[in-house]
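So the chains spell out like this:
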Amino acid sequence: SSFQNIVETAYGRSEKVSPYDVATSYNNFYEFGYGKSDPKEKSSQLQTRPWTITVEGEAGKTGVFDLDDIIKESLLEERIYRLRCVEAWSMVIPWVGVSLATVLKRFDPTSKAKYVYFETLYDPKQMPGQRGNGLDWPYREGLRIDEAMNPLAMLAVGMYGSILPNQNGAPVRLVLPWKYGFKSIKSIVKIRFVETMPETTWSLLAPSEYGFYANVNPNVDHPRWSQKQERRLPGGVLFPNVVETKMFNGYEEDVASLYAGMDLKRFY
Amino acid sequence: MAVFWDRREKPYVVFLFLMPLAWMVSSLFLGRYFPDPGKALMNVSGIWASVFVIAVLFLTPIAKFTQFRMISRYRRFVGLGAFMYSILHLVVYLVLFAGLNLSWIVSDLVEKPYIYAGVLAVIILSALAITSTKKMMRRMGKNWKVVHRLVYLAAACIVAHLWWQVKSDITLAMWVSVFIVPLLVIRINQTSYYKKYFKKTLKKGLR
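Reference entry: report on the structure contained in this document. Just so you know, these numbers come straight off a predicted model, no measurement behind them.

Reading the values: rules and limits
- Residues numbered from 1 in each chain as written.
- Chains lettered and ligands numbered in written order.
- Predicted model: local features only at pLDDT ≥ 70, side-chain atom pairs only at ≥ 80, totals over all residues.
- Buried ≥ 20, exposed ≤ 12 C-beta atoms within 10 Å, placed from the backbone.
- Helix = DSSP H or I, 4+ residues; strand = E, 2+ residues; numbered from the N terminus.
- Pairing = 2+ DSSP bridges.
- Expected span 1.5 Å × (residues − 1).
- Contact = placed C-beta atoms within 7 Å.
- Nonpolar A, V, L, I, M, F, W, Y, C, P; charged D, E, K, R; others polar.
- Axes fitted to C-alpha atoms, helices over the stretch in contact; angles between N-to-C directions.
- Core = buried A, V, L, I, M, F, W, Y, C linked by C-beta atoms within 7 Å.

1. A few points about the pairing of strand S6 (residues 115–120) of chain A
Residues and elements named next belong to chain A.
And step 1. Among the 6 residues in S6, 6 count as buried, and that is most of the element.
And step 2. Burial along S6 is two-sided: Tyr115, Tyr117 and Glu119 facing one way and Val116, Phe118 and Thr120 facing the other are all buried.
And step 3. Note that S6 and strand S7 (residues 140–144) share 5 bridges and pair antiparallel. Looking at the pairing, Phe118 lines up with Glu141 of S7.
And step 4. Bridge analysis of S6 against strand S11 (residues 188–194) gives 6 bridges, and the strand direction is antiparallel. In the strand pairing of S11, Tyr117 is matched with Arg192.

This is the structure we're talking about:
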């Protein structure tokens, strides 16, 4: 299940990658339970092949597409990105995938496509966490079209050189390293091009705590906790690895222009 | 009776009280809390502090309504257990969770009212621990009992502290509330008695 001929990129070459064990055993994926170890322990029933994605809305090419037709294995590249969770911990992950823009462009979004909406699989048989109503299922996320088309945005099908483990969002997920982790929606089954800002799961649950943009920003605290620092995992036994959180998680050069003139305290 | 308890039972009770701590320390060094030990240990130590507060609240009604009247002797001791685990909880937050990073701690503790309830509970439990000695009991006289009723406020603080932490999973907040809230309601039902008692002691104090 490891990929051949992955194109290496310059992204994150100097970063210290988190151990595979940590990245695959400490996850927030409420579809499999609230606990950090639940996704690994309870995701074995997830069937990731065959996998189709329904494309709808303001685009020239809509319909149901097989994942293998959307992402060609020969085009896969590796990018090492920092992942910053809204809960103030972080990791560094080597993702395998393609630029989200290259995939979205193939569906010919029209001029009315101002936003892109994404949806996770809803199937309580495969995803035991969905049997409770901790979240309003299915999990929903969205991006402004220019955010989605930014070269940093990635559609990942693998990590550490192999296919995505179920607990990490198999078989296909977003990776948006300048935003808090919950924006990087997992196990995607639907992409819809829309004209108005879509509703997203966490901002529906607690609009004052989680906004649509959710850009990593040390200057805008979560109402209940500080976002100025983060614990880079894994931590030591008695002392955590505290790192200063950077604006846009350190990807300011790539994405700051998307938000020029915007009040990021208001649009958090 | 009291002498008997001091000598013979104390070591066993101390041993019992230290078992959760021993479990936490061994788990920590065995890597059970890996890769974010601060977060995991903060949860576990907080749960044990709550368990001890719940236990101390239960001792009074149990002693009142059953034949085990002698267990009310353990109240101060169980209270010290609650104090110990609440301090552990705080220390785990400061060291293992926030890495003694001053900017982090200041912004969490000073700017975010959402942990004030927890801080207040620790302050109350500390004050009660300091005044828990026999010497202090004698010195404070009747006021001692009144002051030590603050443990109910500490329990209410724990409930608030837990509900304010909720992201989406309410299991823990629910369980702790199930134990604490009925006991608080029983207490509030007895307030008329409490008020009378308080007024009496206050008058005496003024004289």
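Still more ground to cover, so stick around.
2. Quick look at helix H5 (residues 116–130) of chain B
And step 1. Counted at 1.5 Å a residue, the expected span for H5(B) with its 15 residues is 21 Å, and the 21 Å between its end C-alpha atoms agrees.
And step 2. Structurally, H5(B) contributes buried residues whose contacts are with helix H3 (75–97), helix H7 (143–148) and helix H8 (150–165) of chain B.

3. A few points about the interface of chain B and chain A
And step 1. Residue-level contacts link 20 residues of chain B with 23 residues of chain A.
And step 2. If you list the elements that add at least two residues to the side of chain B that touches chain A, you get helix H1 (2–30), helix H2 (37–65), H3 and helix H4 (102–109) of chain B.
And step 3. A total of 4 residues in the side of chain B that touches chain A trace back to one element, the largest contributor, which is H4(B).
And step 4. Here the side of chain B that touches chain A is built from residues that sort into 10 nonpolar, 6 polar and 4 charged.

4. Remarks on the sheet that holds S6(A)
As a general point, the strands of a sheet are linked pairwise by backbone hydrogen bonds and lie either parallel or antiparallel.
Residue and element names in this part refer to chain A.
And step 1. Strands sit in the order S3-S2-S11-S6-S7 across an open sheet of 5 strands; the sheet is mixed. Of all the strands in the sheet, just strand S3 (63–66) and S7 have a single pairing partner and so form its edges. On average, each strand axis in the sheet is inclined to that of its neighbour by 20 degrees, with strand direction left out of account.

5. Describing the nonpolar core
Residues and elements named next belong to chain A.
And step 1. Counting 66 residues, the largest nonpolar core has Trp95, Leu100, Val116, Leu155, Ala156 and Met159 as the members making the most contacts within it.
And step 2. At the level of secondary structure, the elements contributing two or more residues to this core comprise strand S2 (52–57), strand S4 (77–84), strand S5 (89–99), helix H4 (100–105), S6, strand S8 (154–159), strand S10 (173–175) and S11.
And step 3. Dropping the residues within four chain positions of it, Val116 is found in contact with Leu104, Gly142, Leu143, Ile145, Ala148, Ile191 and Phe193.

All quantities given are derived from atomic positions and should not be read as evidence of function.
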